[in-house]
Amino acid sequence: MSDIHRIPLSSLLRPVRAGATAPLDRLQRPLRDLRISVTDRCNFRCTYCMPRERFGRDHAFLPREALLSFEEISRVAKVFADLGVEKIRLTGGEPLLRKDLPKLVEMLAGIPGIELTMTTNGGLLARHAQSLRDAGLQRITVSLDALDEATFQRMSDSERPLAEVLAGIEAADAAGFRPLKINMVVKRGVNDHAILDMVRHFRHSGHILRFIEYMDVGESNAWRMNEVMTASDILARIHAEYPLAPIAANYSGEVAQRYRLLDGSAEIGVIASVTQAFCSSCTRLRLSPEGKLFSCLFATQGHDLITRLRSPQSNDAALAAWIASVWRARQDRYSELRGSGTHSAQGEKIEMSYIGG
């Protein structure tokens, strides 16, 4: 596949809104994105994220009364917008398990200059797609790891049919979410046979299909490097049947390397977070369901936002100053250090089901 080359991230930064000041961390990365996990609960038990042997019936999830209220989330989001954040992604767990989520979407959609997105496993999307669109949600990413029932069940361990996810994709399309992004985590020897099935299915759909290297998130998925299907191997497999050409990144910090099928039928992305780490351009902070800030998907501890948020002396200026100080102290680059062999664990990593992908 000699004609496929990695395209470096654009050197252009997304412009900051007038009046907003984006702080820089210790590696000179600007704060641009906030990922808000609205619940740690999920209706799937994906083996790479929330394996049933650890997240079984006796697992203690956060009590619902401990979760940030919609009003608190909206307030924090406005403070982040004033700091230069331009994109907010709602995650989980499964965000559609959070009761009345469209109400939160409506509150966040009213913040000027914010692109509002959501990631979902799609199982509940069919019943909520239109109300989310009406509330102001702009984009949706759906996680889908196979198109045959047996492999889908093996990956998701959900006891829910694949048809529900496909119906959710159709409903989101009909509601006006176009293009959707369809994310497939590829685990060698488990679902890599489904790569071309996914390409064939989503060609001509208008949606963007993205393949993600199986990652060592959290402490529960028993990750091994020999189970990683590398981005280069994924691209080679696709290119053998559907020739590809690279596309430039949309903006600095975009995690997917972009390609198009030469016949014009689809855009393909690969997220090579294991073999080609993109820590140097990471612009994301993550907010947990009960109000902790995490500066990396692979962090071992968070920063206490909720105490400051609920303090009687709390005001937005003080919150903004504290958030900026957290960001300016940030020097996380776990994936780069893991790849270089120089990373040593300093505690258990947070689980992706708690903080979002």
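One can find the structure itself at the top, above this paragraph.
Residues numbered from 1 in each chain as written. Predicted model: local features only at pLDDT ≥ 70, side-chain atom pairs only at ≥ 80, totals over all residues. Heavy atoms only, no water.

Considerations on helix H5 (residues 162-175)
Between its first and last C-alpha, H5 extends 20 Å over 14 residues, near the 20 Å set by a 1.5 Å rise per residue. On its buried face, H5 is in contact with helix H3 (125-135), strand E4 (139-143), helix H4 (149-156), strand E5 (181-186) and helix H6 (195-202). Backbone geometry just downstream of H5 places Gly176 in the positive-phi region, at approximately 110°. (Helix = DSSP H or I, 4+ residues; strand = E, 2+ residues; numbered from the N terminus. Expected span 1.5 Å × (residues − 1). Contact = heavy atoms within 4.5 Å.)

What about the packing of H6 against helix H7 (residues 231-241)?
Relative orientation of the contacting elements H6 and H7 amounts to 55°, with a least axis distance of 10 Å. Regarding the angle of H6 to H7, the classification is oblique. The way H6 lies across H7 gives a crossing that is right-handed. Between H6 and H7, the residues in contact are Ile195, Leu196, Val199 and Arg200 and Ile234, Arg237, Ile238 and Glu241, respectively. Grouping the constituent residues of the contact of H6 with H7 by class yields five nonpolar, no polar and three charged. (Axes fitted to C-alpha atoms, helices over the stretch in contact; angles between N-to-C directions. Parallel < 35°, antiparallel > 145°, perpendicular 65-115°, else oblique. Left-handed = near helix turned anticlockwise from the far one by under 90°. Nonpolar A, V, L, I, M, F, W, Y, C, P; charged D, E, K, R; others polar.)

So, the side chain of Arg35
Mapped onto the secondary structure, Arg35 falls in strand E1 (residues 33-37). Apart from residues lying up to four places away in sequence, Arg35 is in contact with Arg89, Arg284, Leu285, Arg286, Leu287 and Gly357.

Here's the deal with the nonpolar core
If you look at the biggest cluster of nonpolar residues, it comprises 111 residues, and the most contacted ones within it are Leu90 and Phe211. In contact with Phe211, other than residues within four places in its own chain, are Met184, Val186, Ile195, Met198, Val199, Ile234, Ile238, Ile268, Gly269, Val270 and Ile271. (Core = buried A, V, L, I, M, F, W, Y, C linked by side-chain atoms within 4.5 Å. Buried < 20%, exposed > 50% of the residue type's maximum accessible area, 1.4 Å probe, protein only.)

Some remarks on the packing of H3 against H5
Interaxial distance between H3 and H5 falls to 8 Å at its minimum, and their mutual angle equals 20°. Here H5 runs roughly parallel to H3, going by the angle between their axes. Viewed along their axes, H3 and H5 form a crossing whose handedness is right-handed. Contacts between H3 and H5 involve Leu125, Ala126, Ala129, Gln130 and Arg133 from the first element and Ala167, Gly168, Ile169, Ala171, Ala172 and Ala175 from the second. The residue inventory of the contact of H3 with H5, partitioned by class, reads eight nonpolar, two polar and one charged.

Let's talk about the sheet that holds strand E2 (residues 87-91)
Read from one edge to the other, the open sheet built from twelve strands follows the order E7-E8-E9-E6-E5-E4-E3-E2-E1-E10-E11-E12, with strand pairing classed as mixed. A single partner strand is all that each edge strand has here, and the edge strands are strand E7 (244-247) and strand E12 (303-304). In the sheet, strand E8 (residues 257-261) pairs with strand E9 (residues 267-271) via four bridges, with the strands oriented antiparallel. Across the sheet, Tyr259 pairs through a bridge with Ile268, a residue of E9. (Pairing = 2+ DSSP bridges.)

Some words on unusual backbone geometry
In this model, Gly92 is joined to Gly93 through a cis peptide bond whose omega is 25°. Within the secondary structure, Gly93 sits in the loop between E2 and helix H2 (101-109). Residue Pro179 is reached from Arg178 by a cis peptide bond, and omega for that bond is 0°. Looking at where Pro179 falls in the secondary structure, it is placed in the loop between H5 and E5. Look at Gln28: it is not a glycine, yet its phi comes out positive at around 65°. In this fold, Gln28 is placed in the segment before E1. Take Gln28: its relative accessible area is 54%, and that puts it in the exposed class. Residues other than glycine seldom take positive phi values, yet Asp100 does so here, at roughly 60°. On the secondary structure map, Asp100 appears in the loop between E2 and H2.

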